[in-house]
Amino acid sequence: MPLELVEERAAKLRAEIERHNHAYYVLDAPTIPDAEYDRLFRELQALEAEFPALQTSDSPTLRVGAPPLKEFPSVVHGVPMLSLNNAFAEAEVAAFDARVREGIELTSGEVDYAVEPKFDGLAISLTYRDGVFVRGATRGDGATGEEVTENLRTVRAIPLRLVGQGWPAELEVRGEVLMLKADFERLNAHQREKNEKEFANPRNAAAGSLRQLDSRITAGRPLSFFAYGVGVGANQLAARTQDEIMLRLAGWGFPVASERRVVSGVAGLMAYFAEVGNRRPSLPYDIDGVVYKVNRLAWQDQLGFVSRAPRFAIAHKFPAEEATTEVLAIDVQVGRTGAITPVARLKPVFVGGVTVTNATLHNEDEVRRKDVRVGDTVIVRRAGDVIPEVVAIVPEKRPMRSGRDLFELEPLHPCFILPAICPECGSAVEKPADEAIARCTGGLYCPAQRKQALWHFASRRAMDIEGLGDKLVEQLVDAGLVHTLADLYQLNLATLAGLERMGEKSAQNLLAAIEGSKNSTFARFIYALGIRNVGEATARDLARHFGNLEHLLAADEAALQQVPDVGPVVAASLLAFLHEPHNRSVIEKLLAAGVHWPQGEPETAGPRPLAGKTFVLTGTLPTLKRDDAKALIEAVGGKVAGSVSKKTDYVVAGEEAGSKLEKAQELGVAVIDEGQLMVLLAEIGAQNLMTRN
Ligand code: 5U1
């Protein structure tokens, strides 16, 4: 056959096979018998084997997996992958709707919401270039994920080439990979037959399948996918509503939930919640709630984001699953920052999709309030990835014995008493009068704290030292080889290779990973230090704001509070940590050992005369666009908030200012117009910043 004809036939087969895939995996309506599908597939495989140049990156033959990878590369998402705030009760849903209405200044009528199930799977992002699938990534920390392209290529419901037309040249589709309940049951039956470990629940099975370095294993796992949004390319869809976006996605070949709808106001949201709740047991996939999104995209833009979550959407979660079991013992655990947490050791019980053997009792007051004792039958609760907790005891099941008075019974076991000294290091345990949490005062002298600090430092999202897991950290600390974070960089081959279960090759790999971690980022470094109340997002904000370590170390409380989302509590944690001489010395040693990152400049190096002042913009300003006004204010240290409160210093009101203006007047907040804002900025010489930017 002439090559052009072979090429033509291969293209025809690819299109036909993908059409059948779509009919089978997305529409759930097979169009040909399995045997016929297999024949087409084998014909394409044979052609590609004979003429390798014909193989294209969107060929369905690649869905069987590729040779294993050594590791998953990191991917920076074109648009960050957000998380959702949660609501559990109607009042929280009503408060969300009220915030939305205030944000868009809607005083009458209802807001329409696009609603759909909240899949209990793994969020992923799929990149298409000119309609062809080129890259897939996990959510990771929202800014950076892991590239799992070859694994996602094996998921039959993910289109390798988009159908229809009108997609942006670069398109990022967001959605969830999951395993259908029926597929999960079949997979576990298979595992049982092969005498292999079963998966605890469909979510774990999906996660385990997606994180395989060998995509040929993933190809053998029955994964599904549902799309729910767009990252890069969202503003080129010419859509006015979320609902239209979903229709576009479905039209291009993506599976979308058939349970999705558009509903009106809080009443519509609550009716949908009840409806999906009733149907939950018969849905083909696990869900842990429903998601509500403001339908109109212009309003979504107007509402924007707070830190990591959009203001225009919320997850309404189902109540967590509960079960009863018995308390075998109550121990305490020492956390990374010294927090002493009482933990109930339980008779194993299956709840929320996993077997639970430990549950947190949070703190001493909680144990007392719930009066949990050894031998009690308790109700335990577990939701999603959250740590299981003891909700309450079942009083009538408490084991009792006769008291001094023969007719009276008293509990067999005494009530819990918090140890006065840390069980790990013997240091005093202290509990400030105004705090619920007791802490070990041993600091990094306490091996439990030291181990967890090291483990956190080495973790993937911090310094990312592959191979330095809990077991090894435990060995290094117990052997007295590592006392501070900086000691990690002094380890050598001889010491490491001398450790139990550590061969020379593993020691070499670990040293290479430690060496590689020296090349880091400022945000990772801040996060890795393990400062109380400083998570990844705050570390990123601090890094962006201060640009370099010198500026961060020099910052006082007011300067720290200029950083988005840094309030008095976080600022106090930062100051306490950064001014502690031991911590300063560790930081210096880390730098001396060669830990480094690209040096930056503070985000706004200029004067900050509006530091500490909060503005709210409302209505249409006569000449300035909102974003420009915001940039001007922020450039001189001011903060622009989305809603008016007692803390607001100025409301800048334009034409058709609505409820925010009313609220400002009600609270007695200063209201200025654009002209007055410009005078204020001119007085401090800020207007030049606009032309400089
Ligand atoms: N169903 C659904 N899940 N989910 C998760 N929709 C949805 N949307 C999300 C997330 C994080 O985020 C967008 C609102 C940005």
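## Some details on the overall build of the protein chain
Piece 1. Looking only at helices and strands, the protein chain features 25 helices and 26 strands.
Piece 2. Since a compact globule built from 693 residues should have a radius of gyration of about 26 Å, the 29 Å found for the protein chain is in line with a globular shape.
Piece 3. Projected onto its principal axes, the C-alpha positions of the protein chain cover 90 × 75 × 65 Å.
Piece 4. Per-residue burial for the protein chain yields a buried fraction of 48% across its 693 residues.
Piece 5. Taking the intrachain contacts of the protein chain between residues at least 6 apart in sequence as the baseline, contacts between residues at least 24 apart amount to 65%.

## Details of the sheet that holds strand β7 (residues 170-178)
Piece 1. Strands sit in the order β5-β4-β7-β8 across an open sheet of four strands; the sheet is antiparallel. Lying at the two open borders of the sheet, with one neighbouring strand each, are β5 (132-138) and β8 (224-230). Geometrically, the sheet is characterised by an average inter-axis angle of 35° between neighbouring strands, direction not taken into account.
Piece 2. Alignment of β7 against β8, held across six bridges, turns out to be antiparallel. Bridge pairing in β8 places Leu178 opposite Ser224.
Piece 3. Packing against the sheet, helix α8 (residues 242-251) makes contact with β7 and β8, and its axis sits at approximately 135° to β8.

## Some details on the environment of Val372
Piece 1. Within the fold, Val372 resides in the loop between α11 (364-370) and β17 (377-382).
Piece 2. Sequence spacing of Val372 and Val394 is 22 residues, and the spatial spacing of their C-alpha atoms is 9.6 Å.
Piece 3. The residues contacting Val372, other than those within four sequence positions of it, are Val327, Ile330, Leu361, Val367, Val378, Val390, Ile393 and Phe416.

## A few points about the domain arrangement of the protein chain
Piece 1. Domains assigned within the protein chain are domain 1 (3-64), domain 2 (86-317), domain 3 (322-411), domain 4 (443-592) and domain 5 (614-692).
Piece 2. For domain 3 versus domain 5, the separation of C-alpha centres amounts to 52 Å.

## Focus on the pattern of salt bridges
Piece 1. One pass over the structure, following the stated rule, counts 43 salt bridges.
Piece 2. With a shortest N-O distance of 2.8 Å, Arg63 and Glu18 are connected by a salt bridge. Highlighted residues: Arg63 in the loop between α2 (34-50) and β1 (74-76) and Glu18 in helix α1 (residues 3-26), separated in sequence by 45 residues. The same class applies to Arg63 as to Glu18, namely buried.
Piece 3. Taken together, the shared-partner salt bridges in this structure form one network comprising Arg9, Glu36, Arg39 and Glu43.

## With respect to the sheet that holds strand β23 (residues 614-618)
Piece 1. Spatial strand order, β24-β23-β25-β26: four strands in an open sheet with parallel pairing. Each having just a single partner strand, β24 (639-641) and β26 (670-672) make up the two edges of the open sheet. Each neighbouring strand pair of the sheet contributes to a mean axis angle of 30°, computed without reference to strand direction.
Piece 2. Running at roughly 140° to β23, helix α23 (residues 659-667) makes contact with β23, β25 (650-653) and β26 of the sheet.
Piece 3. Across the sheet, helix α24 (residues 674-683) is in contact with β23, β25 and β26; its angle to β25 comes to roughly 130°.

## Considering the packing of aromatic side chains
Note on aromatic pairs: each is described by the distance of the centres and the angle between the planes.
Piece 1. Summed over all chains, the structure comprises 14 aromatic pairs.
Piece 2. Their ring planes at 35° and their centres at 5.2 Å tell us that Phe273 and Phe318 sit as a pair that is tilted. Of this pair, Phe273 sits in helix α9 (residues 265-279) while Phe318 sits in the loop between β13 (313-317) and β14 (321-334); the two residues are 45 residues apart in sequence, bridging distant segments of the chain.
Piece 3. Since its relative accessible area comes to 16%, Phe273 is described here as buried.
Piece 4. Overall, Phe318 belongs to the buried group, its relative accessible area being 9%.
Piece 5. Here the aromatic residues Phe119, Phe226 and Tyr285 are joined through ring pairs into a cluster of three or more.
Piece 6. The positively charged end of Arg296 is found above the aromatic ring belonging to Trp299, 3.9 Å away from the centroid.

## Structural notes on the site of the ligand
Piece 1. For the ligand, the full set of nearby residues is Leu82, Leu84, Glu116, Pro117, Tyr228, Val291, Lys293, Pro310 and Ala313.
Piece 2. Residue Glu116 places a side-chain N or O atom 3.0 Å away from a nitrogen atom belonging to the ligand.
Piece 3. Note that a nitrogen atom of the ligand is positioned 3.1 Å from one of the backbone N or O atoms of Pro117.
Piece 4. Surface burial for the ligand is 85%, taken as the share of its 380 Å² of free accessible area covered by protein chains.
Piece 5. Secondary-structure elements contributing two or more residues to the shell around the ligand are β3 (112-119) and β10 (287-294).
Piece 6. Its residues assigned to classes, the shell around the ligand comprises seven nonpolar, no polar and two charged.

## Here's the deal with the nonpolar core
Piece 1. Core analysis: the largest hydrophobic core is formed by 56 residues, its most contacted members being Ile465, Leu488, Tyr489 and Leu542.
Piece 2. Going through the elements one at a time, α12 (447-458), α13 (470-478), α15 (504-517), α16 (522-528), α17 (536-546), α18 (549-554), α20 (568-578) and α21 (581-592) are the ones with two or more residues in this core.
Piece 3. With six residues, α16 is the largest single contributor of residues to this core.
Piece 4. Beyond its immediate chain neighbours, meaning those up to four positions away, Leu488 contacts Leu454, Phe457, Ile465, Leu468, Leu476, Val482 and Ile514.
Piece 5. Among the nonpolar cores identified, the runner-up in size contains 37 residues, and Leu126, Leu160, Leu223 and Phe225 belong to it.

## Some words on the side chain of Thr618
Piece 1. In this structure, Thr618 sits in strand β23.
Piece 2. The class for Thr618 is buried, based on a relative accessible area of 0%.
Piece 3. Within the local environment of Thr618, its side chain forms a polar contact with the side chain of Glu105, the two groups lying 2.5 Å apart.
Piece 4. Not counting the four nearest positions on each side in its chain, Thr618 is found in contact with Glu105, Arg626, Val651, Val652, Ala653, Gly654, Ala657, Gly658 and Lys660.

## Considering the pairing of β13
Piece 1. In terms of residue burial, β13 counts as a mostly covered element, since five of its five residues are buried.
Piece 2. A two-sided burial pattern is seen for β13, the buried positions comprising Ala313, Ala315 and Lys317 on one face and Ile314 and His316 on the other.
Piece 3. Of the pairings in the sheet, the one linking strand β2 (residues 86-87) to β13 comprises two bridges and is parallel in character. Across the sheet, Ala87 pairs through a bridge with His316, a residue of β13.

## Thoughts on the state of the cysteines
Piece 1. Enumeration according to the criterion identifies zero disulfides in this entry.
Piece 2. Free of any disulfide, Cys422 has its nearest neighbouring cysteine sulfur in Cys440, separated by 3.7 Å.
Piece 3. With relative accessibility at 2%, the residue Cys422 sits in the buried group.
Piece 4. Cysteine Cys446 is unpaired, with the sulfur of Cys425 as its nearest cysteine sulfur at 3.8 Å.
Piece 5. The buried category is assigned to Cys446, whose relative accessible area is 0%.

## Things to note about helix α3 (residues 90-103)
Piece 1. The first and last C-alpha atoms of α3 sit 20 Å apart over 14 residues, in line with the 20 Å expected at 1.5 Å per residue.
Piece 2. When α3 is considered as a whole, its buried residues turn out to be Val93, Phe96, Asp97, Val100, Arg101, Glu102 and Gly103.
Piece 3. Just past α3, the residue Glu105 takes up positive phi, approximately 55°.

## So, the side chain of Glu364
Piece 1. With respect to the helices and strands, the residue Glu364 is situated in helix α11.
Piece 2. Ignoring any residue separated from it by four or fewer positions in sequence, one finds Glu364 in contact with Pro342, Phe416, Leu418 and Lys431.

About the cut-offs
Starting from 1, residues in each chain are numbered consecutively following that chain's sequence as written. Local features in a predicted model are, by the rule used here, given only for residues with pLDDT of at least 70; side-chain atom pairs are given and counted only at 80 or more, and totals for whole chains, interfaces and linings are based on all residues. Side-chain numbers here rest on the full set of heavy atoms in the structure, without hydrogens or water. Secondary structure elements are taken from DSSP: a helix is a run of H or I of four residues or more, a strand is a run of E of two residues or more, and numbering for both begins at the N terminus. Atoms counted for the radius of gyration: C-alpha only. Globule rule: 2.2 Å times the number of residues to the power 0.38. The cut-offs for exposure are 20% and 50% of the maximum accessible area for each residue type, with area from a 1.4 Å probe on protein chains only; residues under the lower value are buried, those over the upper are exposed, and the others partly exposed. Should any heavy atoms of two residues lie within 4.5 Å, those residues are considered in contact. We call two strands paired when DSSP finds no fewer than two bridges between them. Only the contacting stretch of a helix is used when fitting its axis, a line to C-alpha atoms as for every element, and angles between N-to-C directions run 0 to 180 degrees. Bear in mind that the domain bounds are from an automatic or database domain assignment. Note on definitions: salt bridges are taken to be side-chain nitrogens of Lys or Arg within 4 Å of carboxyl oxygens of Asp or Glu. In this analysis, rings of Phe, Tyr and Trp, with Trp reduced to its six-membered ring, are considered paired at centre separations within 6.5 Å, and the interplanar angle assigns stacked below 30 degrees, edge-to-face beyond 60, and tilted for intermediate values. Charge over a ring is defined by NZ of Lys or CZ of Arg lying within 6 Å of the ring centre and within 35 degrees of the ring normal. The cutoff for a nearby residue is simple: one of its non-hydrogen atoms must lie within 4 Å of the molecule or strand. Between N or O atoms, a polar contact is any pair within 3.5 Å; within protein, one atom must be a potential hydrogen donor and the other a potential acceptor, and residues adjacent in sequence are included only when both atoms are from side chains. Computed with the Shrake-Rupley method and a 1.4 Å probe, the accessible areas treat only the protein chains shown as cover for residues. Throughout this entry, Asp, Glu, Lys and Arg are counted as charged residues, while Ala, Val, Leu, Ile, Met, Phe, Trp, Tyr, Cys and Pro are counted as nonpolar. The remaining residues, Gly among them, count as polar. Remark: nonpolar core denotes a set of buried residues (Ala, Val, Leu, Ile, Met, Phe, Trp, Tyr, Cys) joined through side-chain atoms within 4.5 Å. The disulfide criterion used throughout: a pair of cysteine sulfur atoms within 2.5 Å. Each residue after the first adds 1.5 Å to the expected span of a helix.

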